[in-house]
Amino acid sequence: MRVQIDDGRCKGHGTCCGLCPQIFELTSDGYARVLVSEIPPEAQELVQTAVEQCPEGAISIEEDGF
Amino acid sequence: MKIADIDAINFFTDRDVVADPFPYFAALREQCPVRREPHHNVMMVTGYEEALAVYSAPESFSSCTSVTGPFPGFPVPLEGKSPAEIDALIAEHRHKLPMNDQLPTLDPPSHTASRALLMRLITPKRLAENEAFIYRLTDRTLDALLPRGSCEYNGEFAAPLAMLVVADLLGVPDEDRDTFRDVLLRKHGHGEQKATDMVGSADTKMSLNPLEFLYQRFSEYITERRANPREDVLTSLANAKFPGGATPEVIDVVRVAANLFAAGQETTVRLLSAGVKILAEDQALQERLRASPDLLGNFVEETLRLESPVKGDFRLARCPVQIGGVDIPAGTTVMVLNGAANRDPRMFKDPDNFDLERANARQQMAFGRGIHSCPGAPLARAEARIGFRRLLERTRNIRISDRHHGPAGARRYEYVPTFILRGLTQLHIEFDPAEGT
């Protein structure tokens, strides 16, 4: 699983960073950034929560194809 | 205004600070961006980085007193207690605290579940449909106001807009919207109210209390839609699930719906009138925005930064923690002042000035940050952007009413007398409608 942040939509609420700091961080510009290219299985549920709770709908998930 | 003695000022009760809290915030920050005030022993956070640090640490700071802080304060003393004891006391007493069933006061994990439910009610699709409604409602309201040449903007434009936008978002049926308007905007009686407005409510007394009214109405809606699903927004509300698939109790859905009304009203009204006041005081700014509506996005951000409608939010330290190099003992009440962080000169150059082209205006934290960051932010931004845009497009000029607010240079404005909200009680404006509108 991979996640992407739409820079045009992110307003820097930091909700994702608060929910899973191991995956998201706020950059020095104040916007969210994804720290890892592949989401480890144990973090996937929390990342799903972050996607749902982003006030701007700026985060999206790309599932790996088989 | 220069502050001689910061500690002589009681932020929570002084009327002068209500009208203009910013010199006080600046004086506090100059001494230390994390500094205790002596009247209620609250640690005041006025720095940008420091505010961000508190908002980013929900494991160290509980939100159980987020809306009320020291009033009435935590029911039992917490000073000198260990983190484990404080956690136990929060668990034991939180249900007695004001607004304890509302999202802003919840902590994880119950906060995470309730907020997820709320976010399922305001999906991108709903927001897009809602934006079209905002546009139509804005124009309909302006149709009635513009020919008059003047209005009291808060009561006649902003308050009905903010209320009806949430009603639309949640799918309140058209035939019920007048009742919502009457009850929630506190305009009762005056001969206009029809008996049919009270459909579904046996006791009209109950429906006069806004929160009771909302709980009652949404309980009816959700229960009815669960029994008889239809193709409407209320049905999707009724069918929304918690993450993991569990069906919420009716009251869980009712709470988040009521929360949207409670949180999306006063705040949005103050944002709208703060922006229109800035516009009405500056004809050149109006002209620039009429010519370049693309700048409206940054206009909204800069208004949020300069006049943050929520001055701040409280947190309760669960454990000893250091913020900005200052030790905060476990059990301390902290107030994170969004309105002060937004004028921190280390973050925003020349912070007391309105700068339409401020490059980092989007980094304002009027909506808070972190897991409690305002879920209604996109809604507030859409209302402001569309409301300002249509007012500018449909007028040739917008002016402050000298009759109500005094002449330029000696204006009189009254601000809502609370330590949480920042904003005008009323804003009287005058305008000349544009040709052909």
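A few points on the structure.

Check the secondary structure of chain A and you find two helices and four strands. Shown N-terminal to C-terminal, the secondary structure of chain A runs as helices and strands in the order β-α-β-β-α-β. When its C-alpha atoms are laid out on the principal axes, chain A stretches across 35 × 20 × 20 Å. Within the span of chain A, comprising 66 residues, buried residues form 44% of the whole. Taking the intrachain contacts of chain A between residues at least 6 apart in sequence as the baseline, contacts between residues at least 24 apart amount to 56%. About 3400 Å² of surface is accessible on chain A, with carbon and sulfur atoms providing 47% of the total. Charge-centre separation for chain A: the mean point of 4 positive side chains lies 7 Å from the mean point of 12 negative side chains.

When the terminal C-alpha atoms of helix H5 (residues 110-121) of chain B are compared, their 17 Å separation across 12 residues agrees well with the 16 Å that a helix rising 1.5 Å per residue should span. Across the 12 residues of H5(B), nine count as buried, placing the element largely inside the fold. Those residues of H5(B) that fall on the buried side of the exposure criterion are B:His111, B:Thr112, B:Ser114, B:Arg115, B:Ala116, B:Leu117, B:Leu118, B:Met119 and B:Leu121. Where H5(B) is buried, its residues contact helix H1 (15-19) and helix H2 (44-53) of chain A together with helix H6 (124-145), helix H10 (233-239) and helix H11 (250-264) of chain B.

Centre-to-centre distance and the angle between the planes together describe a pair of aromatic rings. Residues and elements named next belong to chain B. Considering all chains together, one arrives at 19 aromatic pairs over all chains under this definition. Relative to Phe12, the ring of Phe11 lies with its centre 5.3 Å away and its plane at 75°, an arrangement referred to as edge-to-face. Each member of the pair, Phe11 together with Phe12, is buried. Look at Phe22 and Phe25: their rings are 5.9 Å apart centre to centre, the planes differ by 80°, and that puts the pair in the edge-to-face class. Linking Phe22 with Phe25, this pair stays in helix H2 (residues 22-31), spanning three residues, or about one helical turn. As far as burial versus exposure is concerned, Phe22 and Phe25 are alike and both buried. Positioned above the aromatic ring of Phe348 is the side chain of Arg305, whose terminal nitrogen or guanidinium carbon lies 5.3 Å from the ring centre.

Considering the arrangement of structural elements, one finds B:Asp87 in helix H4 (residues 83-93). Sequence separation of B:Asp87 and B:Val300 is 213 residues, and the distance between their C-alpha atoms is 40 Å.

Parameters at a glance
Residues numbered from 1 in each chain as written. Chains lettered and ligands numbered in written order. Predicted model: local features only at pLDDT ≥ 70, side-chain atom pairs only at ≥ 80, totals over all residues. Heavy atoms only, no water. Helix = DSSP H or I, 4+ residues; strand = E, 2+ residues; numbered from the N terminus. Buried < 20%, exposed > 50% of the residue type's maximum accessible area, 1.4 Å probe, protein only. Contact = heavy atoms within 4.5 Å. Areas by Shrake-Rupley, 256 points an atom, 1.4 Å probe, with all protein chains shown as cover. Lys, Arg positive; Asp, Glu negative; His and termini not counted. Charge placed at Lys NZ, Arg CZ, Asp CG, Glu CD. Expected span 1.5 Å × (residues − 1). Phe/Tyr/Trp six-rings, centres within 6.5 Å; stacked < 30°, edge-to-face > 60°. Lys NZ or Arg CZ within 6 Å of the ring centre and 35° of its normal.

Distances and angles like these do not, on their own, reveal function.
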